[in-house]
Amino acid sequence: MWFANGVAAATIARMMEPVQQQIEQIFHEASGQAFASLARFLRDLDLAEDALQEAFATAAVQWPREGIPANPIAWLITTGRYKAVDAIRRREKFKQIRSDVALRMHEIARTNATRAATEIEDDRLRLIFACCHPAIDVKIQVPLTLREVCGLSTDEIARAFLTTPATMAQRIVRGKAKIRDAGIPFVIPELGELPTRLASVLSVIYLIFNEGYSASSGESVTRADLSQEAIRLCRLVLQLTEDAEVMGLLALMLLHDSRRETRQTPEGDVVLLEDQDRSRWDRRLIAEGQQLIERSLASRRFGSYTVQAAISAVHAEAAAAEDTDWGQIVALYDVLLRLQPTPVVELNRAVAVAMRDGAEPGLKLIAAILERGDLANYPLAHAARGELLRRAGRTEDAIAALETALGLTEQIAEQRLLRKKLAELQAN
Amino acid sequence: MKYMLLIYGAEDSWTEDEREGCMRESMAICKELAAEGKWIASSPLHPVDTATSVRVREGRRQITDGPFAETTEQLGGYYIIDVEDLDEAIAIAGRLPPAHKGTVEIRPIYPLPEPSGSCYDHE
């Protein structure tokens with residue numbers, strides 16, 4: 001009864017909602033799409049922003065009087081386009097605008113106002129491809145995407161990346177100018193280019209996620225939001241293109257995110273995977289990740305994100321650390337190593353081999369990597385070696401390796417973990 | 001949009017045969033671009049030891065023998081093209097033979113307000 005009443009109350013409330021509130025709701029929901037469409041027409045993000053603001057202002061006056069149009073997004077885009085044409089004419093008069101924007105004015109004014117809804121939706125993907133264009137510095141791609149696609153404010157982005165708003169604003173301004181002046185197009189790349197261009201979009205999303213995921217405790221509130229933003233962005237890309245690696249990356253982030261609550265103590269100390277309280281892992285996120293991995297694998301067009309997600313899923317499936325299927329993890333690392341033959345992947349595989357076959361075979365593999373001269377300055381290589389030496393009972397060698405790792409790492413949480421291990425070894 | 005493609009490379013990195021091959025291939029690309037209405041101008045440049053630099057300081061003109069900056073890779077030629085957007089310019093730059101040895105820098109050309117001054121108008 002309470003439920004039925006609740007629904008009725010909600011419906012009535014909605015019907016009685018003042019038009020002003022409905023309009024605000026539409027602005028909130030439509031701004032991302034309308035902005036992306038205007039950006040595509042104008043190829044100028046500042047001009048698009050101004051045009052959308054003017055369209056909102058006109059709507060705020062006109063809609064309460066004449067009613068909300070049947071397709072508010074299309075209305076906002078059309079109105080925004082007229083506003084932009086006016087702005088270009090105004091600025092052209094005072095010679096403040098570059099004439100190639102003026103040259104396009106004709107085309108902007110002429111374009112058919114009625115576009116299919118799917119095409120408007122694709123404009124968001126076009127905007128993402130423009131912000132993640134390889135001609136833009138990666139350091140700029142990341143904040144530009146957060147600002148223009150996710151709609152975060154410059155202050156929010158600066159806080160999340162632990163830098164000043166002035167620095168962030170400068171990067172965003174440079175990115176917008178590059179898009180406008182260098183003629184970076186708002187297009188979905190052609191089939192031949194698509195895999196590499198999509199890869200650069202995915203790497204921007206993963207950078208955003210990791211920036212939020214590797215947060216230290218003090219800043220964890222704002223930084224955790226970055227991870228959520230990355231997940232939202234990836235969901236949007238997946239909606240627009242059903243690519244196996246988009247599924248793989250989304251799965252990988254969801255699986256990582258499922259352990260967010262358990263990977264740090266309240267004091268900010270790292271809790272290793274094997275010591276985490278698995279009952280507190282978010283089962284809903286894990287299930288969604290697993291489904292995505294299955295869909296990606298079934299497509300047979302998967303790549304390294306999917307394989308990394310699959311490795312993460314094997315951990316998620318083990319009820320306790322001892323139940324982990326290390327044989328499967330080694331097999332997945334074999335696949336990953338073929339897709340991504342890097343020393344870091346090789347190191348992770350060596351650790352998995354040690355978990356399956358014992359410390360000595362793992363140590364041999366790590367020794368081979370270090371003898372080649374790879375990863376000599378990579379703290380995790382020495383930390384892993386130290387841990388395996390400890391298990392093999394070679395205490396003195398273990399202490400030396402962990403001390404090397406401690407000297408190389410700059411992360412405070414990592415340093416604390418290494419010091420704790422060293423203290424335990426030295427006490428024995 | 002109009003772009004200038006600046007060809008940079010080490011001048012001594014080409015054999016005579018390679019230079020001729022590069023010239024032939026470049027001419028073919030120019031012809032193709034011209035047929036599509038995308039070519040405005042292009043030319044190789046004589047080596048940097050033919051360069052002369054001019055500066056006017058405090059009303060006095062100074063002339064020096066040599067390029068603006070001594071670098072290992074020198075400006076060796078240019079193209080001016082009129083294409084849709086940066087992606088098309090990148091695709092063309094990637095087809096130019098010197099891209100395989102040196103670097104092709106793409107610079108958008110700043111358009112002057114209408115009516116454009118004739119000295120900058122390449123058409």
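Residues numbered from 1 in each chain as written. Chains lettered and ligands numbered in written order. Predicted model: local features only at pLDDT ≥ 70, side-chain atom pairs only at ≥ 80, totals over all residues. Heavy atoms only, no water.

## A look at the overall build of chain B
To be explicit about the condition: Secondary structure counts use DSSP, requiring at least four H or I residues in a row for a helix and at least two E residues in a row for a strand, with both numbered from the N terminus. With a 1.4 Å probe rolled over the protein chains alone, any residue whose accessible area is under 20% of its type maximum counts as buried; one over 50% counts as exposed, and the rest are partly exposed. We call two residues contacting when some pair of their heavy atoms lies within 4.5 Å. Neither His nor the chain ends contribute to the count of charged residues, in which Lys and Arg are positive and Asp and Glu negative. A charge is said to be at NZ when it belongs to Lys, at CZ for Arg, at CG for Asp and at CD for Glu.
Scanning chain B for helices and strands turns up two helices and six strands. Counting over 123 residues, chain B shows a buried share of 28%. Taking contacts inside chain B between residues at least 6 apart in sequence as the whole, the part at least 24 apart equals 74%. One finds the centroid of the 12 positive side-chain charges in chain B at a distance of 5 Å from the centroid of its 23 negative side-chain charges.

## Some thoughts on the nonpolar core
Cut-off, in case you're wondering: In these notes, a set of buried Ala, Val, Leu, Ile, Met, Phe, Trp, Tyr and Cys residues joined through side-chain atoms within 4.5 Å is what counts as a nonpolar core. Boundaries of every domain are those given by an automatic assignment or by a domain database.
Counting residues in hydrophobic clusters, the biggest one holds 116 residues, and the most contacted among them are Leu 76, Leu 127, Leu 146, Ile 205 and Met 253 of chain A together with Ile 81 of chain B. When residues of this core are sorted by domain, at least three fall in each of domain 1 (1-115) and domain 2 (325-428) of chain A. Among all residues touching Ile 205 of chain A, those that are not within four sequence positions of it are Ala 230, Leu 233, Cys 234, Val 237, Leu 249 and Met 253 of chain A. Within the second largest apolar cluster, 21 residues are counted, among which are Leu 347, Ile 366, Ala 401 and Leu 422 of chain A.

## What about the pattern of salt bridges?
All names here are of chain A. For clarity, the cut-off: Here a salt bridge means any side-chain nitrogen of Lys or Arg lying within 4 Å of a carboxyl oxygen belonging to Asp or Glu.
What the rule picks out here adds up to 30 salt bridges over all chains. Of the charged contacts in the structure, one is a salt bridge between Arg 126 and Asp 123, with a shortest N-O distance of 2.7 Å. A residue pair is termed a helical-turn pair when its members lie 3 or 4 positions apart in one helix, as Arg 126 and Asp 123 do in helix α6 (residues 117-131) at three residues. Because the salt bridges share partners, they merge into one network encompassing Asp 46, Glu 49, Arg 147, Glu 148 and Lys 176.

## Section: the sheet that holds strand β5 (residues 74-82) of chain B
Whenever strands of a sheet pair, they do so through backbone hydrogen bonds, lying parallel or antiparallel. Residue and element names in this part refer to chain B. Cut-off, in case you're wondering: Whether two strands pair comes down to DSSP finding at least two bridges between them. The convention used is that axes are lines fitted to C-alpha atoms, helices contributing only their stretch in contact, and that angles between N-to-C directions extend from 0 to 180 degrees.
Here we have four strands laid out as an open sheet, ordered β2-β5-β1-β6, and antiparallel in their pairing. Of all the strands in the sheet, just β2 (39-44) and β6 (103-108) have a single pairing partner and so form its edges. When the angles between neighbouring strand axes are averaged without regard to direction, this sheet yields 20°. Pairing of β2 with β5, which is carried by five bridges, proceeds in the antiparallel orientation. Note that in β5 the partner of Pro 44 across the bridge is Gly 77. Contacting β2 and β5, helix α1 (residues 16-35) runs over the sheet at an angle of about 165° to β2. Lying over the sheet, helix α2 (residues 86-95) contacts β1 (2-9), β5 and β6, oriented at roughly 155° with respect to β6.

## Regarding the side chain of Ser 200 of chain A
Tracing the sequence through the fold places Ser 200 of chain A in helix α10 (residues 194-213). For Ser 200 of chain A, a relative accessible area of 17% puts it in the buried group.

## Here we look at the packing of aromatic side chains
Quick reminder of the rule: We call Phe, Tyr and Trp rings a pair once their centres come within 6.5 Å, taking the six-membered ring for Trp, and we label the pair stacked below 30 degrees between planes, edge-to-face above 60, and tilted otherwise. Any Lys NZ or Arg CZ found within 6 Å of a ring centre and within 35 degrees of that ring's normal is scored as a charge over the ring.
Per the counting criterion, the structure on display carries five aromatic pairs over all chains. Here the aromatic residues Phe 27, Phe 56, Trp 63 and Trp 75 of chain A are joined through ring pairs into a cluster of three or more. Above the face of the Trp 14 of chain B ring, Lys 101 of chain B is positioned so that its terminal group lies 5.4 Å from the ring centre.

## Some thoughts on unusual backbone geometry
All names here are of chain A. The residue Arg 43 is not glycine, and still its phi comes out positive at about 55°. Structurally, Arg 43 is set in the loop between α2 (19-42) and α3 (45-66). The phi angle at Arg 300 is positive, at roughly 60°, despite the residue not being glycine. With respect to the helices, strands and loops of the structure, Arg 300 is situated in the loop between α13 (283-299) and α14 (304-317).

## Overview of the environment of Leu 198 of chain A
Residue and element names in this part refer to chain A. Within the element layout of this structure, Leu 198 appears in helix α10. Classification of Leu 198 as buried rests on a relative accessible area of 5%. Put simply, Leu 198 and Ile 157 are 41 residues apart on the chain and 23 Å apart in space, counted from C-alpha to C-alpha. Residues contacting Leu 198, with those up to four places away along its chain left out, are Phe 129, Val 237, Asp 243 and Val 246.

## Let's talk about the packing of helix α12 (residues 244-257) of chain A against α14 of chain A
Residues and elements named next belong to chain A. Note the following rule: The hand of a helix crossing depends on one turn: near helix anticlockwise from the far one by less than a right angle means left-handed, and clockwise means right-handed.
As a packed pair, α12 and α14 sit with axes 7 Å apart at the nearest point and diverge in direction by 35°. Like other packed secondary-structure pairs, α12 and α14 cross with a definite hand, here left-handed. Here α12 contributes Ala 244, Glu 245, Gly 248, Leu 249, Ala 251, Leu 252 and Leu 255 to the contact with α14, which in turn contributes Ser 304, Tyr 305, Thr 306, Gln 308, Ala 309, Ser 312, Ala 313 and Ala 316.

## Concerning the packing of helix α17 (residues 359-371) of chain A against helix α18 (residues 379-391) of chain A
Helices that pack against each other are described as a pair by the angle of their axes relative to one another and the distance between those axes. Residues and elements named next belong to chain A. Spelled out, the test is: Any angle that falls under 35 degrees is termed roughly parallel, while one over 145 is termed roughly antiparallel, one within 65 to 115 roughly perpendicular, and all others oblique. Each residue gets one of three labels, nonpolar for Ala, Val, Leu, Ile, Met, Phe, Trp, Tyr, Cys and Pro, charged for Asp, Glu, Lys and Arg, and polar for the others, Gly among them.
Contact geometry of α17 with α18 gives a least axis separation of 9 Å together with a crossing angle of 150°. It follows from the interaxial angle that α17 and α18 lie roughly antiparallel. Viewed along their axes, α17 and α18 form a crossing whose handedness is left-handed. Within the contact between the two elements, α17 uses Ala 359, Gly 362, Leu 363, Ile 366 and Leu 370 and α18 uses Ala 381, His 382, Ala 384, Arg 385, Leu 388, Leu 389 and Arg 391. Among the residues forming the contact of α17 with α18, the class breakdown is eight nonpolar, two polar and two charged.

## Overview of the pairing of β5 of chain B
In this structure, β1 of chain B lies alongside β5 of chain B, joined through eight bridges in antiparallel fashion. Looking at β5 of chain B, one finds that Lys 2 of chain B is bridged to Asp 82 of chain B.

## Side note on the side chain of Thr 145 of chain A
Residue and element names in this part refer to chain A. Using the following cut-off: Two N or O atoms form a polar contact when they lie within 3.5 Å of each other; inside protein one atom must be a possible hydrogen donor and the other a possible acceptor, and for residues adjacent in sequence the pair counts only when both atoms belong to side chains.
Structurally, Thr 145 is set in helix α7 (residues 138-148). At a separation of 2.7 Å, a polar atom in the side chain of Thr 145 contacts the main-chain carbonyl oxygen of Gln 141. Those residues in contact with Thr 145, other than ones at most four positions away along the chain, are Cys 131, Cys 132, Cys 150, Val 204 and Leu 233.

## Observations regarding the state of the cysteines
All names here are of chain A. Under the convention used in this document: The definition used for a disulfide is geometric: two cysteine sulfur atoms within 2.5 Å.
By the definition in use, this model includes zero disulfides over all chains. Of all cysteine sulfurs, the one in Cys 132 lies closest to Cys 131, which takes part in no disulfide; the gap is 6.4 Å. The exposure class of Cys 131 is buried, given its relative accessible area of 0%. Cysteine Cys 234 shares no disulfide, and the gap to the nearest cysteine sulfur, in Cys 150, comes to 11 Å. Assessed through its relative accessible area of 0%, Cys 234 is described here as buried.

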